[in-house]
Amino acid sequence: MFQKIGIEALKQVTKRYARKQNRWVKNRFLSRPGPSVPPVYGLEVSDVSKWEESVLEPALEIVQSFIQGRKPIATPIKMPYNEAENKRSYHMCDLCDRIIIGDREWAAHIKSKSHLKQLKRRRRLDSDAANTIESQSISPDHDKEPKEKRSSGQNEQELKCSI
């Protein structure tokens, strides 16, 4: 019984890990094309019984072609590209103090963990500052100055007015 539960848990974790890997490859290599990004090849892995002919052999052929310096028979995966995107646009992220070149890179930066962390930090600091200013302006003694801190001229005027 425990063996079945363990096997099911292992399958579930393996599927989750595979999805995470696919997402990472997509975000790292396919979403941000550039000269330093290697080509990514997709292989059909859904049918385990055909693993050798649909995964192993094509993968070995791709690796061999790179080793031999020739272009592989398989075609790399391409992400849909929007012609309206500007690859050379200049964006300055004041929050992260970074310069980003390209609309796609800018969109990826805005969604990145480091940018979102900086944004959260900035919002927290801004709300803390606003709370501090608000608490100072609401305090009942804010308009009243302590008499010992007032100048002697102000104290004399108060005395004359009261007489």
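Below is a summary of the structure that appears in this document. In this text, all values refer to a predicted model and were calculated from it rather than measured experimentally.

### What to know about unusual backbone geometry
The phi angle at D97 is positive, at roughly 60 degrees, despite the residue not being glycine. Here D97 shows up in the loop between strand 1 (90–93) and strand 2 (98–101).

### Quick word on a nonpolar patch on the surface
Judged by side-chain polarity, Y90, M92, I99 and I101 come together as a nonpolar surface patch covering roughly 430 Å² of accessible area. Tracing the sequence through the fold places M92 in strand 1.

### Focus: a positive patch on the surface
Taken together, the side chains of K15, R16, R19, K20, R23 and K113 make up a positively charged region of the molecular surface. In terms of residue count, helix 1 (residues 2–30) provides more of the positive patch than any other element does, five residues in total. By the element assignment, K20 lies in helix 1. Look at K20 and you get exposed, because its relative accessible area is 56%.

### Here's the deal with the pattern of salt bridges
Throughout the structure, instances matching the rule amount to two salt bridges. Note that E8 and K11 form a salt bridge whose closest N and O atoms lie 4.0 Å from each other. Here E8 pairs with K11, and both are found in helix 1, just three residues apart, close to one helical turn. R70 is paired through a salt bridge with E61; the nearest N and O atoms lie 3.3 Å apart.

### Concerning helix 2 (residues 51–68)
Since there are 3.6 residues in each turn of an α-helix, residues three or four apart along the chain are aligned in direction. The terminal C-alpha atoms of helix 2 lie 24 Å apart, and with 18 residues this matches the ideal 26 Å at 1.5 Å per residue to within 8%. Three or more residues of helix 2 are buried, namely S54, V55, I62 and S65. Where helix 2 ends, the next residue or the one after it, G69, has phi of about 80 degrees, a positive value.

### As for a negative patch on the surface
Judged by side-chain charge, E44, D47, E52, E53 and E57 come together as a negatively charged surface patch. The class for D47 is partly exposed, based on a relative accessible area of 34%.

### Considering the pairing of strand 2
Sheet topology note: the strand 1/strand 2 ladder contains four bridges and is antiparallel. Directly across from H91, in strand 2, lies its bridge partner I100.

### Side note on the environment of Q118
Among the secondary structure elements, Q118 is positioned in helix 4 (residues 113–138). It is 6.6 Å that separates the C-alpha atoms of Q118 and L95, two residues lying 23 residues apart in sequence.

### Points about the packing of helix 3 (residues 103–111) against helix 4
In the contact formed by helix 3 and helix 4, the axes pass within 5 Å of each other and the chain directions differ by 55 degrees. With respect to helix 4, the element helix 3 is oriented oblique. Contacts from H109, I110 and K111 of helix 3 reach helix 4 at K113, H115 and L116. The residue inventory of the contact of helix 3 with helix 4, partitioned by class, reads two nonpolar, two polar and two charged.

Parameters and conventions
- Residues numbered from 1 in each chain as written.
- Predicted model: local features only at pLDDT ≥ 70, side-chain atom pairs only at ≥ 80, totals over all residues.
- Heavy atoms only, no water.
- Helix = DSSP H or I, 4+ residues; strand = E, 2+ residues; numbered from the N terminus.
- Patch = residues over 30% accessible without salt bridge, like charges linked within 9 Å, V, L, I, M, F, W, Y side chains within 5 Å.
- Areas by Shrake-Rupley, 256 points an atom, 1.4 Å probe, with all protein chains shown as cover.
- Salt bridge = Lys/Arg side-chain N within 4 Å of Asp/Glu carboxyl O.
- Lys, Arg positive; Asp, Glu negative; His and termini not counted.
- Charge placed at Lys NZ, Arg CZ, Asp CG, Glu CD.
- Buried < 20%, exposed > 50% of the residue type's maximum accessible area, 1.4 Å probe, protein only.
- Expected span 1.5 Å × (residues − 1).
- Pairing = 2+ DSSP bridges.
- Axes fitted to C-alpha atoms, helices over the stretch in contact; angles between N-to-C directions.
- Parallel < 35°, antiparallel > 145°, perpendicular 65-115°, else oblique.
- Contact = heavy atoms within 4.5 Å.
- Nonpolar A, V, L, I, M, F, W, Y, C, P; charged D, E, K, R; others polar.

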